[in-house]
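Here are the chains, one letter per residue:
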Amino acid sequence: MSSSTSEREFLVPDESILEVRELDAGYGDLQILHDIQMDVADGEYVTIVGPNGAGKSTAMKSVFGLTTHMGGTVTFDGVDITGQNPEEIIYEGLGFVPQNDNVFPNLTVRENLEMGAYILDEVPMDAIRAVYDRFPILEERETQKAGTMSGGQQQMLAMGRALMLEPKLLMLDEPSAGLAPDLVDEMFDRIDDINDSGTAILMVEQNAKEALRRCDRGYVLVQGENRYIDTGDSLLNDEQVRQDFLGG
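A short tour of the structure in this document, coming up. As the structure is a prediction and not an experimental result, all values here were calculated from the model. (Residues numbered from 1 in each chain as written. Predicted model: local features only at pLDDT ≥ 70, side-chain atom pairs only at ≥ 80, totals over all residues. Heavy atoms only, no water.)

**Looking at the pattern of salt bridges**
Piece 1. Summed over all chains, the structure comprises twelve salt bridges.
Piece 2. With a shortest N-O distance of 2.8 Å, Arg129 and Glu139 are connected by a salt bridge. Placement of Arg129 in helix 4 (residues 125–134) and of Glu139 in helix 5 (residues 136–140) is noted, with a sequence separation of ten residues between them.
Piece 3. A relative accessible area of 37% means that Arg129 is categorised as partly exposed.
Piece 4. On the accessibility criterion, Glu139 (36% relative accessible area) is partly exposed.
Piece 5. With a closest N to O distance of 2.9 Å, Asp189 and Arg214 form a salt bridge. Remark: Arg214 occurs in helix 8 (residues 208–214) and Asp189 occurs in helix 7 (residues 181–196); sequence separation between them is 25 residues.
Piece 6. You can call Arg214 buried: its relative accessible area is 17%.
Piece 7. Several salt bridges converge on common partners, so that one network encompasses Asp189, Asp192, Glu210, Arg213 and Arg214. (Salt bridge = Lys/Arg side-chain N within 4 Å of Asp/Glu carboxyl O. Helix = DSSP H or I, 4+ residues; strand = E, 2+ residues; numbered from the N terminus. Buried < 20%, exposed > 50% of the residue type's maximum accessible area, 1.4 Å probe, protein only.)

The following block contains the structure:
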């Protein structure tokens, strides 16, 4: 049986790069998250799954300062970022790729990547080269307007832009959403490669089975609260989790 939140101490990494403690958050006066606990270790791959409306994306947005903070703390790489806005958080080495509106449609691929380094005095050419090496299609489409690209290509561009600052943790909100079935595995493979290169991943994903199969640890959220915390494999093999959240 997978661990309930009362047993979570056993599953907290020895050294977490991200520590979320007793987080309450929402939008305006509407509270969505209740006492959320979450950790990501340096270089770890963590997935958040759960039913629609569980607060998965809200949890990720709350880490990045995009919701109303109502209580608890968020610490990243030893720095308390609770309540900070995204413009401040990005300096700490945390990148975020939202599900929607994640590229500048009227800018070219190259211009989108350069926007990813806007906080720097000059665009690092080695970072652009690294993105092109990781996503060759982006180099082929360097002068193409982002809004004319396919959904999969736009998703690669959004991840590439987030990688321009070489974040310690990359947060991805539903990266496979809207992709053709034959592109989903490719997208997951790209994320695996990013993680294998040393970047920690925190991901919300609708394709729960595949996400849990690939990740180190998973969190199951239900109605804005932690329900299960365990390794990806343990959650996949837990009969109750499979029946309630993974379609059997």
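The structure having been displayed, the exposition proceeds.
**Describing the pairing of strand 1 (residues 16–27)**
Piece 1. Examined bridge by bridge, strand 1 and strand 2 (residues 30–41) share eight bridges and lie antiparallel to one another. Each residue of the ladder has a partner; that of Tyr27, found in strand 2, is Leu30.
Piece 2. Two strands pair when backbone bridges link them, and strand 1 and strand 4 (residues 68–76) are joined in this way by seven bridges, in the antiparallel orientation. Paired with Ala25 across the bridge in strand 4 is His69. (Pairing = 2+ DSSP bridges.)

**Focus: the sheet that holds strand 1**
Piece 1. The sheet built from four strands is open, its strands ordered 2-1-4-5 with antiparallel pairing. Only two strands of the sheet have a single neighbouring strand rather than two, namely strand 2 and strand 5 (79–80).
Piece 2. Here strand 4 pairs with strand 5 via two bridges, running antiparallel. Along strand 5, the bridge assignment pairs Thr75 with Asp80.
Piece 3. Helix 1 (residues 56–63) contacts strand 1, strand 2 and strand 4 of the sheet and is inclined by roughly 115° relative to strand 1. (Contact = heavy atoms within 4.5 Å. Axes fitted to C-alpha atoms, helices over the stretch in contact; angles between N-to-C directions.)

**Comments concerning the pairing of strand 6 (residues 94–97)**
Piece 1. With burial as the criterion, each face of strand 6 is covered, one bearing Leu94 and Phe96 and the other bearing Gly95 and Val97.
Piece 2. Strand direction decides the pairing type here: strand 6 and strand 7 (residues 169–173), joined by four bridges, are parallel. Each bridged residue has a counterpart across the sheet, and for Val97 the counterpart in strand 7 is Leu172.

**As for unusual backbone geometry**
Piece 1. One non-glycine residue, Asp77, lies in the positive phi region at around 55°.
Piece 2. Here Asp77 shows up in the loop between strand 4 and strand 5.
Piece 3. We note that Glu174 has phi near 55°; this positive angle belongs to a residue other than glycine.
Piece 4. With relative accessibility at 11%, the residue Glu174 sits in the buried group.

**Looking at the sheet that holds strand 3 (residues 45–49)**
Piece 1. With respect to topology, six strands assemble into an open sheet ordered 6-7-8-3-9-10, the strand pairing being mixed. The open sheet has two edge strands with one neighbour each: strand 6 and strand 10 (225–231). The mean inter-strand angle of the sheet, taken between neighbouring strand axes irrespective of direction, is 15°.

**Comments concerning the side chain of Asp39**
Piece 1. On the secondary structure map, Asp39 appears in strand 2.
Piece 2. In terms of polar contacts, Asp39 uses its side chain to reach the side chain of Ser16, at 2.7 Å. (Polar contact = N/O pair within 3.5 Å; in protein donor to acceptor, adjacent residues only side chain to side chain.)

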